[in-house]
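Report on the structure
Each chain is listed here by its residues.
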Amino acid sequence: MYAGPGNIGNEGAGVVLEVGPDVDDLAPGDRVMGILPGAFGPVSVTRRGLVAQIPPEWDYASAASVPAVYLTVHLALEEAGLRPGETLLIHSAAGGVGQAALHLARHMGVNVLATASPEKWDLLREQGIGEEHLAHSRRLDFEERFRASSPPVDVVINSLTGEAIDASLRLMAPTGRFVELGHNEIRDPERVAADHGGVRYLPFTLPFDDPERIRRAFAAVLPLMESGKVPGMRVTRYPVDRVVDAFRLMQQGRNVGKLVLDMSTRLRPGGTVLVTGGAGTIGALVARHLVVRHGATRLLLVGRRGADAPGSAELAAELGALGAHVTVAACDVADPEAVRALLDTVPDEHPLTAVFHSAGVVDDATVTRLGAEALERVLRPKVDGAWNLHLATADRDLDAFVLFSSGAGVFGSAGQAGYAAANSFLDALAHHRRSLGLPAQSLAWGRWADTSAATARLGDVETSRMARTWGVEAISADEGCALMDAAADTGQALLFPVPMDLAGLRTRAASPEDVPHLLRGLVRVGEKRDADTGPGTGTRLRAAGAGAERRALLEEVIGTRAAEILGHPSGHRMESDQDFLETGFDSLTLVELRNHLREVTGLRLPAPVVFEHRTPALLAAHLDERMGGEKAGDTAGVPAKPAGHEQPTDGMVTLFRDTCADGRPEDAIAMVRAASRGRAVTTVEDTWPVEPVRLSEGTEEPALVCFPSLVMTSGAQEFSRFAAGLRGRRRVHVLPAPGFLAEERLPADLGVFVNGQADAALRAADGAPFVLVGRSSGGWAAYAVAEELHRRGRAPAGLVLLDTPLPGESGVLPLIAASLPIVTESVMARASEFELLDTARLTAMGGYLGLFADWRPGPPPVPVTQVSPVDPVRTPSGEVLETRWEWPGQHGRAEVPGDHLTMLEQHAESTAAAVEEAVAGFTRARTGRSLVRRLTGRVLNRG
């Protein structure tokens, strides 16, 4: 017992990882036990003299139980000068020190008296202690009992306090030695000697600072134990994650012998553990945990880039400092030959004992636009990699084969069709391996709080959607490691390790549609209510009066739900005049908001309703008008169809679809171009019908003025994800092309369009420097506007084209060769997915294709950079469109992940970074030109 804080975990057993230059009698791989100061963990550094080799027949737990107690007792009795024939009183004789003292004393031929709790007396009786020499350790009658049955005590091994010390001293002979092992009540040696006839009071602490003395003690004790002359310790093992239970047992005095915390797991010592994705965020987390918690000493970290992966060298150094031998290898696990070659490098003396497959790629795509290449990107690392590892290790004796899957495969996840399929394969593979008698476990993780390379692009909106849909909370690194260990203890093939927000699910359970089917067993699903006793939202809306009353309620419903979708804390509400796009909505989230409104209003609402009425106030007014009547209950609205089940009834849309499906996309484009000529038009005398849409505010200059594409999906929402990472830093405005909404007019000619957008660009810039950014065919508009502003003397600082084709070039999208599948399949599939397909949008596309039919760009009026995706477009029918276009006079080029469509969706963050780099180049060039002009002016002024 210690009066104050003291170190714990000062002994143990394990394998030598490394030795100092002066150690010549131990080598890495030797098994040792000894004094390891502060070593409650898998790795410790100690002095050579404090450890000894473990006898061959001993296991680690038995060895770990020896050093502290046997060395303490041996040295304490040596200091006390205990001699054969003397009488020794051992307090708490059933504990670790007590048992060591009993065993050594019996070997020395010493008369032993022992105290212990009565429930432990049988153990002491079995070890030869007579009934008259046993007493209760928590009562003071041992003094009377031992005085009657034994001569005076020569040596006491004490761990008791208070009056028990005085009672023990009264039992001692004048030449006695009182060895105090406890530190809770230290007496004055001179006072003890004076009061008890010269008894020597000897406080004792194991001399950690005297390695030579420890070495001699080992040399004396171990031969006795190896020969069986002194028995080993009775050991109770606890896994280290049950350390609290072990200490509680010890605190209550219910332990017998030694308690040993077992740091080892199912992973055999000295084996090689393979971790795929080893340099990634999750792979590195797993590697650290295997070393620190599970004592792994050899790691094979695998990734496609190997040692060239960012952070791999630092990780290897960190793990090496912890005592692990780390190999970082470059290997594409989707290649079976590469996997077999990799495993051939594992040395026989350190065989492969475990596989942790954490590699993976997220490439968002819904089923309707799940192309072969996107599917290949997701399936290769997860599915092919797992299968190749399975085949290559099927004949090896593995302790673990752990697959890092995802909850996306259990619940499904919006926009992650391929990713969900890949993870479902991992889950099935775990069951398959189990059926073959092979170890396997698939862990379908939820959302990790620490972002990885695969998930770093997910923003608050995406993660909020996960939480709302699944009712899950983020997993911290420590929590994830604990869940992984807990999962291993279950022995199940498939587990879903994720913290659940049950309180949130209960709140949502007011309506069956609000809780995913697979989770409805966790909460009680009842009738939907907004409050404990209040009526449902739909009922309240139908009961409210048309006009101000109902609009106010609709604004509240829209604002509250919008805030939830954006991931704001409970109780927040989007302001009535805030633009949905400005706050971070994109196509997926706008559809989600539409679905909710369709449910509570009972109206059939197309997804573009949110694009067309972009603030809660405007949308509420529109819905109020649609619901009609003095009371909405008078008309009750039309019951809503489930999301995604509406088919267009628009004749133009049907004809366009049918013509494309018939293999005549040129005719389809010609048809909408002709139909566009029947649209009302805006002339130069009219007020420009659209205003810039602000997506981001910030103080950095120049501002960005963006032009969306000129196809069916055109709109400010195309730049929503792009602007998300710039909010708070740089102003981003989008100039929608007029005519894509039914009530808007098309420009009468190209001059009207270019002049109107040039004026809008200047209004958006508001006097600050600016850069124009055009997406795809929107790059034509941006280039034409740049030419116009240059003529006015108001040129932008630069122009960035986001994968914009060059007009007049063969294979252009979609002007000259309108039959290219990027229009007729990929873009139309996207338009259908988000319900951005109606007569207005089709004829607007046709109108703009007509406006730019004969347009050709002049010499670049400003510096131009083209940002191109690395992947071609692959259509659902399997056709491929390369989009690496070059413009004459182009100043720069940048490449970003993804394809023509995804570069502003799941890869929007990378595209924004490329644009930022281009803007920085424009700024440096402009600064340089300004400096030249200033210096030239100074020279001219001086004559």
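Residues numbered from 1 in each chain as written. Predicted model: local features only at pLDDT ≥ 70, side-chain atom pairs only at ≥ 80, totals over all residues. Heavy atoms only, no water.

Digging into the overall build of the protein chain
A count of helical and extended segments in the protein chain gives 33 helices and 29 strands. Per-residue burial for the protein chain yields a buried fraction of 52% across its 943 residues. Across the protein chain, every contact between residues at least 6 apart in sequence was considered, and the portion connecting residues at least 24 apart equals 72%. Total accessible area computed for the protein chain in this model is approximately 40,700 Å², and 52% of it derives from carbon and sulfur atoms. (Helix = DSSP H or I, 4+ residues; strand = E, 2+ residues; numbered from the N terminus. Buried < 20%, exposed > 50% of the residue type's maximum accessible area, 1.4 Å probe, protein only. Contact = heavy atoms within 4.5 Å. Areas by Shrake-Rupley, 256 points an atom, 1.4 Å probe, with all protein chains shown as cover.)

Some remarks on the pairing of strand β26 (residues 864–869)
For β26, the buried fraction is high: six of the six residues fall into the buried class. Side chains Val-864, Gln-866 and Ser-868 of β26 all project onto a buried face; the interleaved residues Thr-865, Val-867 and Pro-869 project onto the opposite face, where all are buried too. Alignment of strand β25 (residues 798–802) against β26, held across four bridges, turns out to be parallel. Opposite Val-800, over in β26, you have Thr-865 as the bridge partner. Where β26 lies against strand β29 (residues 892–896), five bridges are found, and the strand directions are parallel. In the sheet register, Thr-865 faces β29, and the bridge partner there is Gly-892. (Pairing = 2+ DSSP bridges.)

Description of the packing of aromatic side chains
A complete count under the given rule lists 13 aromatic pairs for this structure. Between the aromatic rings of Phe-178 and Tyr-201, the centroid separation amounts to 5.6 Å while the plane-to-plane angle is 15°, which identifies the pairing as stacked. Linking Phe-178 in strand β8 (residues 172–180) with Tyr-201 in strand β9 (residues 200–203), this pair joins segments that are 23 residues apart in sequence. The class of Tyr-201 is buried, set by a relative accessible area of 4%. By way of ring pairs, the aromatic residues Trp-688, Phe-740, Phe-753, Trp-780, Tyr-783, Tyr-848, Phe-852, Trp-855 and Trp-887 are connected into one cluster. Looking at Arg-31, its charged tip hangs above the ring of Tyr-60, at a distance of 5.1 Å from the centre. Above the face of the Phe-401 ring, Arg-433 is positioned so that its terminal group lies 3.8 Å from the ring centre. (Phe/Tyr/Trp six-rings, centres within 6.5 Å; stacked < 30°, edge-to-face > 60°. Lys NZ or Arg CZ within 6 Å of the ring centre and 35° of its normal.)

Topic: the side chain of Ser-65
Along the chain, Ser-65 falls in the loop between α1 (60–64) and α2 (67–80). The residues touching Ser-65, leaving out its near neighbours within four places in the chain, are Glu-11, Met-233, Val-235, Lys-258 and Val-260.

Focus on the sheet that holds strand β18 (residues 494–495)
Strand order in this open sheet of seven strands is β14-β13-β12-β15-β16-β17-β18, and the pairing throughout is parallel. At either end of the open sheet lies a strand with only one pairing partner, and these are β14 (325–330) and β18. Two elements, strand β17 (residues 441–445) and β18, share two bridges in a ladder whose sense is parallel. Directly across from Ser-442, in β18, lies its bridge partner Leu-494. The strands touched by helix α10 (residues 281–292) within the sheet are β12 (272–276), β13 (298–303), β15 (352–357) and β16 (400–406), with β13 carrying the most contacts at an inclination of about 175°. (Axes fitted to C-alpha atoms, helices over the stretch in contact; angles between N-to-C directions.)

As for the sheet that holds strand β20 (residues 693–696)
Taken in spatial order, the seven strands make up an open sheet running β20-β22-β21-β24-β25-β26-β29, and their pairing is mixed. Across the chains shown, the open sheet's two edge strands, defined by having one partner strand only, are β20 and β29. In this sheet, neighbouring strand axes are inclined to one another by 25° on average, regardless of whether the strands run parallel or antiparallel. Note: strand β21 (residues 700–707) against strand β22 (residues 730–734), four bridges, orientation parallel. Across the sheet, residue Glu-700 finds its bridge partner in β22, namely Arg-730. Together, β21, β24 (770–775), β25 and β26 form the strand contacts of helix α30 (residues 778–792), whose direction differs from that of β24 by roughly 150°.

Some words on the confidence of the model for the protein chain
Note: predicted coordinates in regions of low pLDDT should not be interpreted at a detailed level. Of the residues in the protein chain, 80% have a pLDDT of 70 or more, and the chain-wide mean is 81. Taken together, the stretch residues 630–649 has pLDDT below 50 and engages in 44 contacts with residues farther than four places along the chain or on a different chain. Predicted confidence for residues 929–943 stays below pLDDT 50, and this span has zero contacts to residues more than four positions away or in other chains. (pLDDT = per-residue confidence, 0-100.)

Digging into unusual backbone geometry
That bond from Glu-701 to Pro-702 is cis: its omega, 5°, falls within 30 degrees of zero. Tracing the backbone through its elements, the reader meets Pro-702 in strand β21. Positioned with a positive phi, Asp-766 is a non-glycine residue whose angle comes to about 55°. Inspection of the secondary structure assignment puts Asp-766 in the loop between α29 (750–765) and β24. Positive phi values are uncommon outside glycine, yet Ser-776 reaches one of about 50°. Within the fold, Ser-776 resides in the loop between β24 and α30.

As for the pattern of salt bridges
All chains considered together, the criterion is met by 31 salt bridges. As a salt-bridge pair, Arg-125 and Asp-122 come within 2.6 Å of each other at their nearest N and O atoms. Taken together, the residues span about one helical turn, with Arg-125 and Asp-122 both in helix α4 (residues 121–126) at a distance of three residues. Note on Asp-122: relative accessible area 47%, which makes it partly exposed. Of the charged contacts in the structure, one is a salt bridge between Arg-125 and Glu-131, with a shortest N-O distance of 2.8 Å. When its relative accessible area of 40% is taken as the criterion, Glu-131 is described as partly exposed. (Salt bridge = Lys/Arg side-chain N within 4 Å of Asp/Glu carboxyl O.)

Considerations on the environment of Arg-191
Within the element layout of this structure, Arg-191 appears in helix α7 (residues 189–195). Residues Arg-191 and Tyr-201 lie 10 residues apart in sequence; the distance between their C-alpha atoms is 9.2 Å.

Describing a nonpolar patch on the surface
Together, Ile-8, Phe-40, Phe-247 and Met-250 line one region of the surface with nonpolar side chains, adding up to about 370 Å² of accessible area. Counting through the fold element by element, Ile-8 comes out in the segment before β1 (11–15). (Patch = residues over 30% accessible without salt bridge, like charges linked within 9 Å, V, L, I, M, F, W, Y side chains within 5 Å.)

Observations concerning the environment of Ala-324
With respect to the helices and strands, the residue Ala-324 is situated in the loop between α11 (312–321) and β14. Along the sequence, Ala-324 and Val-292 sit 32 residues apart, while their C-alpha atoms lie 9.5 Å from each other. When near neighbours in sequence (up to four residues on either side) are disregarded, Ala-324 contacts Val-291, Ala-296, Thr-297 and Leu-319.

Section: the packing of helix α26 (residues 651–661) against helix α27 (residues 665–676)
Where α26 contacts α27, the two axes come as close as 7 Å, and the packing angle between them is 155°. Viewed along their axes, α26 and α27 adopt a mutual orientation that is roughly antiparallel. Handedness of the α26/α27 crossing: right-handed. Taking contact as the criterion, the partners of Met-652, Leu-655, Phe-656, Thr-659 and Cys-660 in α26 are, on α27, Pro-665, Asp-667, Ala-668, Ile-669, Met-671, Val-672 and Ala-675. In the contact of α26 with α27, the residues fall into 10 nonpolar, one polar and one charged. (Parallel < 35°, antiparallel > 145°, perpendicular 65-115°, else oblique. Left-handed = near helix turned anticlockwise from the far one by under 90°. Nonpolar A, V, L, I, M, F, W, Y, C, P; charged D, E, K, R; others polar.)

Here we look at the packing of α27 against helix α32 (residues 839–851)
Packed helix pairs are characterised by how far apart their axes lie and by the angle those axes make with each other. One can describe the packing of α27 onto α32 by two numbers: an axis separation of 7 Å at closest approach and a directional angle of 90°. If you check the angle between α27 and α32, you find them roughly perpendicular. Packed against α27, whose contacting residues are Ile-669, Val-672, Arg-673, Ala-675 and Ser-676, the element α32 presents Leu-842, Thr-843, Met-845, Gly-846, Gly-847, Leu-849 and Gly-850 at the interface.

Some remarks on helix α6 (residues 163–170)
For α6, the full list of buried residues reads Ala-164, Ile-165, Ala-167, Ser-168 and Leu-169. At its buried positions, α6 is contacted by β4 (87–90), α5 (142–149), β7 (153–158), β8 and α7.

A few points about the side chain of Ser-406
Mapped onto the elements, Ser-406 comes out in strand β16. Setting aside anything within four residues of it in sequence, one finds Ser-406 in contact with Tyr-419, Asn-423, Leu-443, Ala-444 and Trp-445.

Focus on helix α8 (residues 211–226)
With 16 residues, α8 should reach 22 Å at 1.5 Å per residue; the first-to-last C-alpha distance of 22 Å fits that figure. Within the sequence span of α8, burial applies to Pro-211, Arg-213, Ile-214, Ala-217, Phe-218, Val-221, Leu-222, Leu-224 and Met-225. Axial view of α8: buried residues confined to an arc of 155°, hence all on one face. Where α8 is buried, its residues meet β2 (31–35), β3 (51–53), α2 and α3 (96–108). Trailing α8 by a residue or two, Gly-228 shows a phi angle of about 90°, which is positive. (Expected span 1.5 Å × (residues − 1). Arc of directions from axis to C-beta.)

Let's talk about the environment of Arg-731
With respect to the helices and strands, Arg-731 occurs in strand β22. When neighbours within four sequence positions are excluded, Arg-731 is seen to be in contact with Ser-696, Glu-697, Gly-698, Ala-703, Leu-704, Ala-764, Ala-765, Asp-766 and Ala-768.

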